[in-house]
Amino acid sequence: MVKKAAKTLFTCQACGYRAPRWMGKCPDCGAWDSFVEERPSAARGTLSRPGSHASNPPVPIEAIEIETETRLRTGIAEFDRVLGGGLVAGTLVLIGGDPGIGKSTLMLQAIDGLARQNLRVLYVSGEESTRQIRLRSRRLACGSSNLLVASEVEVEAILAMIEELRPTAVVVDSIQTLYSPELGSAPGSVSQVREATVRLMLAAKRTGVSIFLVGHVTKEGAIAGPRLLEHMVDTVLYFEGDRNHIFRVLRAVKNRFGSTNEIGVFEMKDAGLEEVTNPSAVFLSERPAAAPGSVVAASLEGTRPILVELQALTAGASYGTPRRTILGLDANRVALLAAVLEKKAGMPLMGLDLFMNVAGGVKVSEPAVDLAVAAAIASSFLDKPVPPGTVVVGEVGLTGEVRAVGQAEVRILEARKMGFTRCLLPQSNLERLPAPEGIEILGVRSVSEAVAALF
Ligand code: TYD
Ligand code: MG
């Protein structure tokens with residue numbers, strides 16, 4: 001009998017789809033030229049083998065003790081909040097972001113915060129030499145003797161370090177540089193990244209060491225190669241922002257130990273990342289006075305209200321199909337609101353170019369900013385500014401009705417704190433709200449009512 005030759009498989013580097021031969025286009029995710037030849041590691045049995053038994057036998061649920069889980073704080077309040085109030089032992093956290101956004105800087109500052117509390121921490125870089133890390137640490141003014149650094153790419157070696165040192169937390173920068181010689185494929189390929197993540201996850205669970213994985217993000221916004229990683233880790237944080245802006249937003253998109261949609265805001269300075277404790281003030285700092293097209297919305301990010309400035313510009317389309325260029329907002333949502341304005345407020349926007357932007361390079365995805373988006377478009381279209389000191393809050397439905405939003409009170413308090421004097425609010429929210437002092441509340445039922453109240 002002829003023994004079968006070891007098979008090679010071709011794996012899509014974008015989604016992990018496997019095929020026996022090379023293909024130009026992935027049938028699963030549609031990516032072009034994404035297949036790379038990989039040799040799968042020796043097949044592991046998925047079903048239990050005869051004679052095997054569970055190492056962790058099932059127990060009755062009431063018999064499980066709930067230790068009051070202790071969370072470690074890095075001392076960077078914005079970071080701790082995004083983690084859900086601190087770091088839980090034995091978690092695997094993935095930090096994704098564009099190259100150069102500040103992931104390595106953030107991680108070095110965060111684990112230095114742990115090292116300062118006399119906890120042993122380890123920073124393993126596959127991208128920089130230890131000397132480069134030292135240079136960075138000097139710039140960031142961190143460097144406690146509890147902070148150990150290593151330059152390493154081999155997974156086995158990193159696992160051995162974890163086993164031997166048993167640090168409280170480890171940073172692996174980055175997952176794409178990790179390499180296991182047991183697999184035939186190149187570093188950064190899907191099978192290497194997946195294998196490395198599985199091993200680090202098992203190590204984290206077994207030893208109780210918390211591991212941060214840094215991952216680069218592709219142009220399309222997915223963590224390079226594998227979305228697959230998101231399922232394997234406990235927490236996924238994205239570090240986003242425009243490299244040309246100084247603000248960086250750390251966002252939790254998955255968290256087994258806390259709420260998602262929590263954000264932390266940072267500013268990139270000469271000596272590293274600095275927390276922004278009052279983001280509203282920062283995002284509104286450059287707001288033009290009485291400019292048509294500029295409207296302030298009270299958005300909620302996780303538990304935290306943030307005031308952002310939305311800007312709209314409508315202009316006569318030069319030729320052909322009008323352009324819709326939308327930054328920081330959901331383009332479909334904006335198109336829907338423009339259609340509502342056209343139909344319900346009698347504004348012929350269909351033939352006009354429409355540009356929208358959220359000032360400061362942040363992204364807002366909440367429907368509660370709908371009414372503010374509509375108000376910004378209307379303001380630019382009518383070429384009239386909204387009255388000074390006004391904040392606009394409300395979700396808009398397809399018939400032009402303004403619907404209630406969650407946590408209206410928190411939003412109003414933030415607006416009042418920031419010195420706003422008037423708030424446009426859904427009428428249905430108003431009915432359930434204790435009248436707040438120091439800020440005038442105007443209830444509206446529809447988009448046309450809001451337009452009438454503002455302009
Ligand atoms: P870095 O953390 O290396 O990004 P990443 O790990 O996500 O690739 O940060 C890179 C950028 O940050 C770099 O362009 C320089 C800038 N930076 C500062 O402005 N101040 C600083 O103190 C540091 C360390 C970096
Ligand atoms: Mg880096």
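All of these numbers come straight from a predicted model, not from anything done at the bench.

Draft legend 1. Representation of the domain arrangement of the protein in the model. Structurally, the protein comprises domain 1 (8-40), domain 2 (70-277) and domain 3 (282-454). Placing a centre on the C-alpha atoms of domain 2 and another on those of domain 3 gives a separation of 36 Å. Domain 2 puts 14 residues into the contact, and the matching count from domain 3 is eleven residues. Roughly 1000 Å² of surface becomes buried between domain 2 and domain 3 when both sides are summed, with 54% attributable to carbon and sulfur atoms. Here domain 2 is connected to domain 3 by zero residue pairs in polar contact (both at pLDDT 80 or more). Elements represented by at least two residues in the side of domain 2 that touches domain 3 include exactly helix 1 (77-82), strand 12 (247-255) and strand 13 (263-269). Considered class by class, the residues forming the side of domain 2 that touches domain 3 number five nonpolar, four polar and five charged.

Draft legend 2. Quick peek at helix 5 (residues 190-207). With 18 residues, helix 5 extends 26 Å between its outermost C-alpha atoms, agreeing within 8% with the 26 Å of an ideal straight helix rising 1.5 Å per residue. For helix 5, the buried fraction is high: 13 of the 18 residues fall into the buried class. Looking one or two residues beyond helix 5, the residue adopting positive phi is Gly 208, at roughly 80 degrees.

Draft legend 3. Quick peek at the nonpolar core. Leu 329 and Met 356 are the most contacted members of the largest nonpolar core, which has 47 residues in total. The biggest single contributor to this core is helix 9 (residues 370-382), with eight residues. Both domains that furnish three or more residues to this core are identified here as domain 2 (70-277) and domain 3 (282-454). Leave out the neighbours within four places in its chain, and Leu 329 touches Leu 310, Val 334, Met 356, Val 358, Val 364, Val 369 and Val 373. Leu 83, Val 121, Tyr 123 and Leu 147 belong to the second largest nonpolar core, which has 32 residues in total.

Reading the values: the criteria
Residues numbered from 1 in each chain as written. Chains lettered and ligands numbered in written order. Predicted model: local features only at pLDDT ≥ 70, side-chain atom pairs only at ≥ 80, totals over all residues. Heavy atoms only, no water. Domains from an automatic or database assignment. Contact = heavy atoms within 4.5 Å. Buried area = accessible area lost by both parts, 1.4 Å probe. Polar contact = N/O pair within 3.5 Å; in protein donor to acceptor, adjacent residues only side chain to side chain. Helix = DSSP H or I, 4+ residues; strand = E, 2+ residues; numbered from the N terminus. Nonpolar A, V, L, I, M, F, W, Y, C, P; charged D, E, K, R; others polar. Expected span 1.5 Å × (residues − 1). Buried < 20%, exposed > 50% of the residue type's maximum accessible area, 1.4 Å probe, protein only. Core = buried A, V, L, I, M, F, W, Y, C linked by side-chain atoms within 4.5 Å.

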